[in-house]
Amino acid sequence: MNRACVGLLVVVIAAGLASERFDLMRISVRNQKDVVELEEQGCVVNGPDLDGRFLVEVPAKKIEMLRQAGWDMELFIPDVRGYYLENFQDGRYHTYSEIKDSFMIMAQNNPSICKFETLGFASNDSLLFALKITDNPGIEEDEPELFFEGAIHGDEKIAAEVPYGMAVEMVSKYGIDPDVTYWVNNREIWLQAPANPDGHIRHRRSNANGVDCNRNYGYMWDNWCGTGAPFSQPETRAHMELSLRNAFCHWTSYHSGIYYISTPWSYTRLGTRDSMEIQYLAGEWHNITGYPYGPGARGMYEIHGPSKDYAYGAHGGIGWTVESHRIKTPPADSIDQVVAREIVAMKMMLANMDRGVRGIVTDSVTGAGLKARVLPMPINFPCYCDSPGDYHRYLRPGTYNLVFSRNGYLTKTVSNVVVTADTVTWVSVQLAPDTTLPFTLHRMVVCNIDDRNQIWVTPDLALGVHDGRRSSLSQGGWAVFDFGQLIFNLSGNDFTVYEDDADPEGYWVHVSDNWDGPWANLGSGTGTHGFDLANGGVSTCRYVRIVDDSSSSSGSTAGFDLDAIEAVMSYAPAVVMQDKVVIDSPPGGNGNGKLDPGETADLVLELKNVGRLSAQDVIGVLSTGDTLVTVIDSSGTYGTIEPDSVRANWADRFRVSADAACPREHGARMKLRLTGTGYEDSLEFFLVIGELRAVDPIPDGPRQPPFYWAYDDTDTGYVQHPGFAWIEIKSQGTRINFPQNDDVIVVNLGSGFGPLNYYGQRYTQVSVSADGWIAPGNYTQTHYSNTALPNSGAPPGVIALNWDDLYPGYGSQGYVYHYHDAANHRFIIEYDSICYYEQRSARDKFEFVIYDTTLAAPSGDNVLVAQYLTANNYTSNTVGIQDPGRAIGIQCLYNSTYHRGCSPLAEGRAIKYTTADPTGIAEERHATGKVRTGVRILPNPCRGKVVFSLRLGRPGSVRLQVYDAAGRLVRTLLDSGSRKLGSGSYSLCWDRCDNQGRDVGLGVYLVRLEAGAEVLSEKLVLLK
């Protein structure tokens, strides 16, 4: 976990000290280049003051250097971050916990108008929440929705006070003030503060991951401030998901540091298509607050990925940033004044968001509301309907044409709609279903497009049918679009990408059922080109990612120019892959429900007809071009597959064999050709050989074959799996004293132990880090920021037990010890209840055991075991190993993401790293005329009820339980207690509910079977 983001101050509350002094300076800034240069020196550029000079937080140690370089600077506030912290100590400012508790109390005491909404968890695991204020808060009504959030930059404390003050205003005056009462009854008002809990708690701009969240939104994102990927942070992801559920017609993000109303765009100096509407409303806000206003890139400086550009660019809502004070955390005397004027401005927006046009879009047959796209012309920038089908679009007085569209319906245009001042014009429409029209792109989700002169070709021009209006991706740019519903694999090409201009350019096409992947590559094209989902081995997609191939020249339309994507939707059968079932019964297989190297197994493919006509007399022929897989029986019979029905070839199975030399997790590309009466199609899919599950060992990589393997104590089907057996050495071991936090101390293994052979190299020392990692040999460079593995930036040969920013010895407790246990041929290093630097109340106890060469693996390399006695904070760490060359490794865990072969860290978990591979275990699993105990899950992954098939090799007591990915018990399905069940086969059905009768939801689960002394585990994946 990174302790800080470069250029940002970290205030360590526990120590009460700032790590570096910053002074707030007034600096003459000429252009964007100056802004970039200051940021490269570690400065934080707040923006222009009222006289045009910029307010900039400058590291005190850089001031003299900048002056000598010719910068004109004037001191405004010395030690400004200490000044902010001192101001925040005034009890009139609200802490994160006080705001959360207050919102909860408001919701509890006013349930008829308030609802406490949980949005998720922030990067520091704090609750992300909002208060929804409206009459009937539990019902989605056809009312304008407005979102006011504050302090996405956590050090801007006054920005959190404004939404809080608005909540108090609305709740306390409802039923008393007629205007407040009207707005609560006729609007949905969403208030969130702070939007960045970790930054607010720790007095810093970034979140717990060191990311500036207001550079992480997905419209014209460009990795500013190193945010990694659009919506990579839980704070911005929560905002994205909230905005997709609620069609906000307005979104204000409150900030501070200057006075300014920053409107779209911030990524370019060019204006929006309806800049008259946006600037008029900003002028109304200015009339109340006195703040200057204008497009962010003009009035402040260029940035990519802020919330305002996303709110307007992706959703068509009026979005902006309000900089509400020139001091980020001014003296508390300022709170009431700032909040009072902002409440007046917010009320102005509540009134104006019911001006222009509004209405409801419904299905002409069913009357159901439709989430349609609404395009006002001549403005030519879309907005979207909410779940009830309602839309709200602010427009200035004039005459407009409104175009309503939705895939599967005839587009409708309502002409000559007259909008007058200070009123709203209702235009409700019914759309008629039409199954013959092609499906087109419904909305843009995220994009990374070079902004040079691109404003008139923004991604929305690619929506709808091809019409000669094109969106340029720019050279190397990309965009993700949403069809709004699934597209299915049919015969031939499934969609066409249109460019249709005189300069055809190249691009790549990827598809997925999720907006952020995983992506299937359908190949490349130049100009207008058709694509088949079967080429990517997928049956469906909803999202498409278009990537320019960087071959085009520069200019205002550089890169591929996307006119439209039109998908085939015909009145015909449409058969897609529903599920795969491997039956690897002995003697050809080991009965674990997957195809392993060297096995022969039956293969059942479940097919679903998602089309509108039945596919009659269907026969499937299976083939592959993969030399590591052989199709022994290629024919399977399906019969007639009716619309919306599923058929499988259980009675006529395919039979396949995997080569013994096939590497594990190899994906064999398979093709299923389907023929029937008047029907022909083909499906492509991947059959994974030796798929890793949570109960399988993890090989190192990326090379083949693997050398080291990681077995944990749940890998009970393998003889190499470790058993947890804690070895306490605190009373007899030698304590390691770290002079400074993050230090690394070299420890001799001693002649009585012998060498450590690791990845074929010999060592007589190990280097022990205070931050939970060990390296072979003498290596004393500090590394408190964990990384993924393998990684050239990580220590060579690192063995990461719990690599995190740790603090041994804090509070004179929690130390590291080592001990040579000669009698048991092992050397032990124990981290005894070590606390975390950022979470000092959390402590974990874990240890590392090196077994000497008398117990080495056949390769001569030592066996290594990590044991975890507690599991209090394994959320931002790395667990795994890498070779001394830093190119090969095993990553069991990295920042809360587990390898699919690793069981979650829990109390009593053990992980063994050894070169003894799992080959030969299949022979041990084979049945020899006797029934072997086991559990099978059909189907898996599963979309409905789950069926468990149990095999008991001998009579005994039986317990079958389901655990979630965090290791928590979800459901006990069978517990015979003292009663013994006889040997044989049993079946159980699970309704996907927990022990309290609640739906457990989607995700990965672990099924654990205890039969007498035997314990077996299987991974289960639940799908929608």
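Residues numbered from 1 in each chain as written. Predicted model: local features only at pLDDT ≥ 70, side-chain atom pairs only at ≥ 80, totals over all residues. Heavy atoms only, no water.

Draft legend 1. Up close: the overall build of the protein. A count of helical and extended segments in the protein gives 13 helices and 67 strands. Taken over C-alpha atoms, the radius of gyration comes to 31 Å for the protein, in line with the 31 Å a tight globule of 1024 residues would show. C-alpha extents for the protein along the principal axes are approximately 85 × 80 × 60 Å. Relative to its full complement of 1024 residues, the protein shows a buried share of 58%. Entry remark: accessible area of the protein is about 38,300 Å², with carbon and sulfur atoms responsible for 49%. (Helix = DSSP H or I, 4+ residues; strand = E, 2+ residues; numbered from the N terminus. Rg over C-alpha atoms; globule rule 2.2 N^0.38 Å. Buried < 20%, exposed > 50% of the residue type's maximum accessible area, 1.4 Å probe, protein only. Areas by Shrake-Rupley, 256 points an atom, 1.4 Å probe, with all protein chains shown as cover.)

Draft legend 2. Geometry of the nonpolar core. In this structure, Trp285 and Phe495 are the most contacted members of the largest nonpolar core, which totals 139 residues. With 10 residues, the top contributor of residues to this core is helix H12 (residues 335–352). Setting aside residues no more than four positions away along its own chain, phenylalanine 495 makes contact with Val509, Val511, Leu522, His529, Gly530, Phe531, Leu533, Val544, Ile565, Glu566, Ala567 and Val568. Judged by nonpolar contacts, the second largest core, of 43 residues, contains Phe738, Tyr758, Tyr763 and Leu905. (Core = buried A, V, L, I, M, F, W, Y, C linked by side-chain atoms within 4.5 Å. Contact = heavy atoms within 4.5 Å.)

Draft legend 3. Structural detail: the environment of proline 796. Its location among the elements puts proline 796 in the loop between strand S50 (773–776) and strand S51 (799–803). For the pair proline 796 and isoleucine 881, spaced 85 residues apart in sequence, the C-alpha to C-alpha distance is 9.6 Å. Apart from residues lying up to four places away in sequence, proline 796 is in contact with Ala775, Pro776, Tyr779, Gln882, Asp883, Pro884 and Arg886.

Draft legend 4. Seen up close, the pattern of salt bridges. The final tally for this structure, using the stated rule, is 50 salt bridges. Between aspartate 23 and arginine 21 there is a salt bridge, with its nearest N and O atoms 2.9 Å apart. On the basis of relative accessible area, aspartate 23 is assigned to the buried category, the value being 6%. Measuring nitrogen to oxygen at the nearest pair gives 2.8 Å for the salt bridge that ties arginine 542 to aspartate 482. Note that arginine 542 is positioned in strand S31 (residues 540–548) and aspartate 482 in strand S26 (residues 478–488), a separation of 60 residues in sequence. Arginine 542 gets classed as partly exposed once you look at its relative accessible area, which sits at 27%. Through salt bridges with shared partners, a single ionic network connects Arg26, Asp49, Asp51, Arg53, Asp72, Glu74 and Arg326. (Salt bridge = Lys/Arg side-chain N within 4 Å of Asp/Glu carboxyl O.)

Draft legend 5. Structural view of the side chain of histidine 203. Relative to the helices and strands, histidine 203 is located in the loop between helix H7 (197–202) and helix H8 (234–245). For histidine 203, a relative accessible area of 13% translates into the label buried. In this structure the side chain of histidine 203 is engaged in a polar contact, spanning 2.5 Å, whose partner is the side chain of lysine 157. (Polar contact = N/O pair within 3.5 Å; in protein donor to acceptor, adjacent residues only side chain to side chain.)

Draft legend 6. Region of interest: the state of the cysteines. Going through the model one piece at a time under the given rule, you end up with 0 disulfides. A disulfide-free cysteine, cysteine 383 has its sulfur positioned 7.0 Å from the sulfur of cysteine 385, the nearest such atom. (Disulfide = S-S within 2.5 Å.)

Draft legend 7. Structural view of helix H9 (residues 275–289). Under the 1.5 Å per step criterion, the end-to-end length of H9 is 20 Å for 15 residues, consistent within 8% with the ideal 21 Å. Residues Glu277, Ile278, Leu281, Ala282, Gly283, Trp285 and Thr289 constitute the buried set of H9. Phi turns positive one or two residues past the end of H9, at glycine 290, with a value near 85 degrees. (Expected span 1.5 Å × (residues − 1).)

Draft legend 8. Seen up close, the sheet that holds strand S64 (residues 969–975). Taken together, the 4 strands give an open sheet; going across it, the order is S64-S63-S66-S67, and neighbouring strands pair in antiparallel fashion. Every interior strand has two partners, whereas the edge strands, S64 and strand S67 (1014–1022), have only one. On average, each strand axis in the sheet is tilted by 20 degrees relative to the strand beside it, whichever way the strands run. Examined bridge by bridge, strand S63 (residues 958–964) and strand S66 (residues 1003–1011) share 7 bridges and lie antiparallel to one another. What sits directly across from leucine 960, in S66, is leucine 1009. (Pairing = 2+ DSSP bridges. Axes fitted to C-alpha atoms, helices over the stretch in contact; angles between N-to-C directions.)

Draft legend 9. Expanded view of the packing of helix H5 (residues 158–173) against helix H6 (residues 178–186). Where H5 meets H6, the closest approach of the two axes is 9 Å, and the angle between their N-to-C directions is 100 degrees. By the angle between their axes, H5 is roughly perpendicular relative to H6. Residues Glu169, Met170 and Lys173 of H5 pack against Val180, Thr181 and Val184 of H6. Here the residues of the contact of H5 with H6 sort into 3 nonpolar, 1 polar and 2 charged. (Parallel < 35°, antiparallel > 145°, perpendicular 65-115°, else oblique. Nonpolar A, V, L, I, M, F, W, Y, C, P; charged D, E, K, R; others polar.)

Draft legend 10. Focus on the sheet that holds strand S28 (residues 506–512). Strand order across the open sheet formed by 5 strands is S24-S26-S31-S28-S29, with antiparallel pairing between neighbours. Strands with a single pairing partner mark the edges of an open sheet, and in this sheet they are strand S24 (443–448) and strand S29 (520–526). Adjacent strand axes in the sheet meet at a mean angle of 25 degrees, parallel and antiparallel pairs treated alike. Where S24 meets S26, 5 bridges bridge the pair, whose relative direction is antiparallel. Its bridge partner being in S26, valine 446 is matched across the sheet by valine 480.

Draft legend 11. Geometry of the pairing of strand S33 (residues 564–567). Side-chain alternation along S33 places Ala564 and Glu566 on one buried face and Ile565 and Ala567 on a second face that is also buried. Here 2 bridges tie strand S23 (residues 439–440) to S33, and the two strands are oriented antiparallel to one another. Bridging from a neighbouring strand, phenylalanine 439 pairs with alanine 567 of S33. Bridging between strand S27 (residues 495–498) and S33 involves 4 bridges; their strand directions are antiparallel. Looking across to S33, one finds that tyrosine 498 is bridged to alanine 564.

Draft legend 12. Spatial organisation of the pairing of strand S9 (residues 145–150). With 6 of 6 residues buried, S9 is to be regarded as a mostly interior element. As defined by bridge partners, S9 adjoins strand S10 (residues 188–192) across 5 bridges and the pair is classed as parallel. Considered in S10, the bridge of glutamate 145 is made with glutamate 188. Here S9 pairs with strand S11 (residues 250–255) via 5 bridges, running parallel. Directly across from glycine 150, in S11, lies its bridge partner tyrosine 254.

Draft legend 13. Region of the structure containing H8. A rise of 1.5 Å per residue sets the reference length of H8, with its 12 residues, at 16 Å; its end C-alpha atoms lie 16 Å apart and thus fit the reference within 8%. Among all positions in H8, only Glu235, Thr236, Ala238, His239, Met240, Leu242 and Ser243 are buried.

Draft legend 14. A look at the packing of aromatic side chains. A full pass over the atoms with the stated rule returns 43 aromatic pairs. For the ring pair tyrosine 96 and phenylalanine 129, a centre distance of 5.8 Å and an interplane angle of 50 degrees mean the geometry is tilted. Of this pair, tyrosine 96 sits in helix H4 (residues 96–109) while phenylalanine 129 is found in strand S8 (residues 127–133), placing the two residues 33 residues apart along the sequence. Grouping residues by exposure puts tyrosine 96 and phenylalanine 129 together as buried. (Phe/Tyr/Trp six-rings, centres within 6.5 Å; stacked < 30°, edge-to-face > 60°.)

Draft legend 15. Examining the packing of H9 against H12 more closely. In contact at an axis separation of 9 Å, H9 and H12 are set at 150 degrees when each is read in the N-to-C sense. With respect to each other, H9 and H12 are oriented roughly antiparallel. Considering only the axes of H9 and H12, their crossing is right-handed. Side by side, H9 and H12 meet where Leu281, Glu284, Trp285, Ile288 and Thr289 of the first sit next to Arg341, Glu342, Val344, Ala345, Met346, Met348, Met349 and Asn352 of the second. Looking at the contact of H9 with H12, its residues break down into 8 nonpolar, 2 polar and 3 charged. (Left-handed = near helix turned anticlockwise from the far one by under 90°.)

Draft legend 16. Quick look at unusual backbone geometry. A cis amide bond links glycine 517 to the next residue, proline 518, at an omega of 10 degrees. With respect to the helices and strands, proline 518 occurs in the loop between S28 and S29. Of note, the amide linkage connecting leucine 789 to proline 790 takes the cis form, showing an omega dihedral of -5 degrees. Tracing the backbone through its elements, the reader meets proline 790 in the loop between S50 and S51. We note that asparagine 223 has phi near 60 degrees; this positive angle belongs to a residue other than glycine. In this fold, asparagine 223 is placed in the loop between H7 and H8.

Draft legend 17. Quick look at the side chain of arginine 826. With respect to the helices and strands, the residue arginine 826 is situated in strand S54 (residues 826–836). The contacts of arginine 826, once residues within four sequence positions are left out, are Ile727, Phe753, Tyr819, His820, Asp821, Val849, Ile850 and Tyr851.

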